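These are the residues of each chain, in order.
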Amino acid sequence: MDEKYTPYNHKGTKIDGVEPKHRGTPATKRGLSNQQICIITAIQRFTHTIARTLNYGKPSSLDLLRFGECLASKSFIMLDGSNSYNELLESVNQS
């Protein structure tokens with residue numbers, strides 16, 4: 001499992017007070033911010049891939065718990081060192 005961050009885009013929709021973002025322009029804020037959407041992915045060894053958009057910026061443990069509903073109990077999960085995954089791992093191992 002891993003997360004990917006991509007700049008927020010509202011292509012085709014005009015929003016009052018929001019400047020349009022043109023292709024290839026980076027976000028105006030540095031690092032993780034509310035201008036980037038978090039996409040979390042999980043890949044099963046030979047068959048399925050799951051990708052979901054969670055929120056803006058870094059995912060919270062509650063967001064990851066909602067994503068964890070897609071995972072089978074007693075799954076073998078490989079992660080990076082993010083602390084947000086701790087509650088998800090406990091919930092998957094308990095069920």
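Residues numbered from 1 in each chain as written. Predicted model: local features only at pLDDT ≥ 70, side-chain atom pairs only at ≥ 80, totals over all residues. Heavy atoms only, no water.

Draft legend 1. Here's a closer look at the sheet that holds strand E3 (residues 49-56). Read across the sheet, three strands follow the order E1-E2-E3 without closing on themselves; strand pairing throughout is antiparallel. In this open sheet, the two strands that pair with only one neighbour each are strand E1 (2-7) and E3. Geometrically, the sheet is characterised by an average inter-axis angle of 25° between neighbouring strands, direction not taken into account. Across six bridges, the pairing between strand E2 (residues 36-43) and E3 is antiparallel. Across the sheet, Ile43 pairs through a bridge with Thr49, a residue of E3. Where helix H1 (residues 61-68) meets the sheet, it contacts E2 and E3, and its direction lies at approximately 155° from that of E3. (Pairing = 2+ DSSP bridges. Helix = DSSP H or I, 4+ residues; strand = E, 2+ residues; numbered from the N terminus. Axes fitted to C-alpha atoms, helices over the stretch in contact; angles between N-to-C directions. Contact = heavy atoms within 4.5 Å.)

Draft legend 2. View of the confidence of the model for the protein. Residues at a pLDDT of 70 or more form 95% of the protein, whose mean pLDDT is 77. The weakest mean pLDDT in the protein belongs to helix H2 (residues 86-94) at 74; the strongest belongs to E2 at 85. (pLDDT = per-residue confidence, 0-100.)

Draft legend 3. The pattern of salt bridges, seen in detail. For the coordinates displayed, the defined rule picks out one salt bridge. With a shortest N-O distance of 2.6 Å, Arg66 and Asp63 are connected by a salt bridge. Of the two residues, Arg66 and Asp63 both sit in helix H1, three residues apart, roughly one turn of that helix. (Salt bridge = Lys/Arg side-chain N within 4 Å of Asp/Glu carboxyl O.)

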